[in-house]
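Okay, here's what each chain looks like letter by letter:
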Amino acid sequence: MCFIYFLGYLDKQTLNYANAYGLKADLGLVGRDYSWVASITNIGYLVCAYPSMLLLQKLPIGKFVAGNLMLWGTILLLTTTAHNFAGIMALRFVLGGAEACIGPAWMLLTSMFWTREEQPLRMCKFSWRHSERVILTNTQKYFPPSGAAIKLSN
């Protein structure tokens, strides 16, 4: 569960790194386009959150989450094929929609496998992992891959 949270966070951080390495120029982004690319994932999440929660109650949790994770991974791989603003926007929107079931599914699974007394501690551990993710991913800023130079653009 924590590893899936880590991958979702890493995806959002990677978009920032891609911007530093020329994402705007590669996709021809101008003005506020990059802000929209960064925001559209959250909009997809918001649009799909309620339907995902309903489906989590109606369908088997394991199969539904596995399907969404497969979709999420596929969309993430397809992100590298985007050549313009419209392509990256569509992919990031669907990516957010596929990610919308993860948080609620983990809460449902936590309530199924741990007692009522253990649940708060489990949820705190999941949230605590966020701090670890920040530390691990931000370390890369100070120690970039060998031979890579970060070009800061205005």
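Analysis parameters
Within any chain, residue numbers begin from 1 and follow the written order of that chain's sequence. At least 70 in pLDDT is required for a residue's local features to be given in this predicted model, at least 80 for side-chain atom pairs to be given and counted, and no such filter applies to totals for whole chains, interfaces and linings, which use all residues. Water and hydrogen atoms play no part in the side-chain values, which are based on all heavy atoms of the structure. Secondary structure elements follow DSSP: runs of H or I no shorter than four residues count as helices, runs of E no shorter than two count as strands, and numbering proceeds from the N terminus. Residue burial is assigned from relative accessible area. The probe radius is 1.4 Å, only protein chains are included, and a residue is buried under 20% of its type maximum, exposed over 50%, and partly exposed in between. The span one expects for a helix is its residue count, reduced by one, times 1.5 Å. Contact criterion: two residues are considered in contact whenever any of their non-hydrogen atoms come within 4.5 Å of each other. Every definition here rests on a 1 Å grid over the protein atoms only: cavities are sets of points where a 1.4 Å probe fits but cannot get out, pockets are open sets enclosed by protein on both sides within 12 Å along at least five of seven lines, and lining residues have some atom within 4 Å of a point. Grid points are joined across faces, edges and corners, and a volume is the space filled by probe spheres set on the points. Only Asp, Glu, Lys and Arg are considered charged in this grouping, and only Ala, Val, Leu, Ile, Met, Phe, Trp, Tyr, Cys and Pro are considered nonpolar; every other residue, Gly among them, is considered polar. Between N-to-C directions, angles span 0 to 180 degrees; the directions come from axes that are lines fitted to C-alpha atoms, helices contributing only their stretch in contact. For classification purposes, an angle smaller than 35 degrees is called roughly parallel, one larger than 145 roughly antiparallel, one from 65 to 115 roughly perpendicular, and anything else oblique. To qualify as a nonpolar core, a set must consist of buried Ala, Val, Leu, Ile, Met, Phe, Trp, Tyr and Cys residues joined through side-chain atoms within 4.5 Å.

Undergrad: Account for the environment of Pro120, naming residues and giving values.
TA: The residue Pro120 is located in helix H7 (residues 119–142) in this model. For Pro120, a relative accessible area of 48% translates into the label partly exposed. In this structure the C-alpha to C-alpha distance between Pro120 and Thr110, which are ten residues apart in sequence, comes to 9.4 Å.

Undergrad: Account for helix H3 (residues 33–58), with residues named and values stated.
TA: Helix length check: H3 (26 residues) gives 38 Å between terminal C-alpha atoms against 38 Å at 1.5 Å per residue, within 8%. Listed as buried for H3 are Asp33, Tyr34, Val37, Ile40, Thr41, Gly44, Ala49, Ser52 and Leu56.

Undergrad: Please set out the side chain of Asn68 residue by residue, giving values where relevant.
TA: With respect to the helices and strands, Asn68 occurs in helix H4 (residues 61–78). Contacts of Asn68, omitting those with residues within four sequence positions, involve Ala98 and Cys101.

Undergrad: Go over the layout of surface pockets, please, and point to the residues and values.
TA: Taken as a whole, the largest pocket holds about 420 Å³ of empty space. The wall of the largest pocket is formed by 19 residues, among which Thr14, Leu15, Ala18, Thr79 and Thr80 lie closest to the centre. When contributions to the lining of the largest pocket are tallied by element, the ones reaching two or more residues are helix H1 (2–20), helix H2 (23–27), H4 and helix H5 (85–99). Here the lining of the largest pocket gets seven residues from one element, more than from any other, and that element is H1. Considered class by class, the residues forming the lining of the largest pocket number twelve nonpolar, four polar and three charged.

Undergrad: Describe the packing of H3 against helix H6 (residues 102–113), listing the residues and the values that go with them.
TA: Interaxial distance between H3 and H6 falls to 9 Å at its minimum, and their mutual angle equals 30°. Regarding the angle of H3 to H6, the classification is roughly parallel. Seen from H3, the contacting residues are Tyr45, Met53 and Leu56; seen from H6, they are Pro104, Ala105 and Leu108. Tallied by class, residues from the contact of H3 with H6 come to six nonpolar, no polar and no charged.

Undergrad: Requested: an account of the nonpolar core, with residues and values cited.
TA: Soluble globular proteins tend to pack their nonpolar side chains together in the buried interior. Ranked by internal contacts, the top residues of the largest apolar core, which has 15 residues, are Leu15, Leu23, Leu27, Leu29, Tyr34, Val37 and Ile88. Broken down by secondary-structure element, the contributors of at least two residues to this core are H2, H3, H4 and H5. Of the residues forming this core, the biggest block, five residues, is contributed by H5. Those residues within four positions of Tyr34 in sequence are excluded, and the remaining contacts are Leu15, Asn16, Asn19, Leu23, Lys24 and Leu29. Counting residues in hydrophobic clusters, the runner-up holds nine residues, among them Ile61, Cys101, Ile102 and Ala105.

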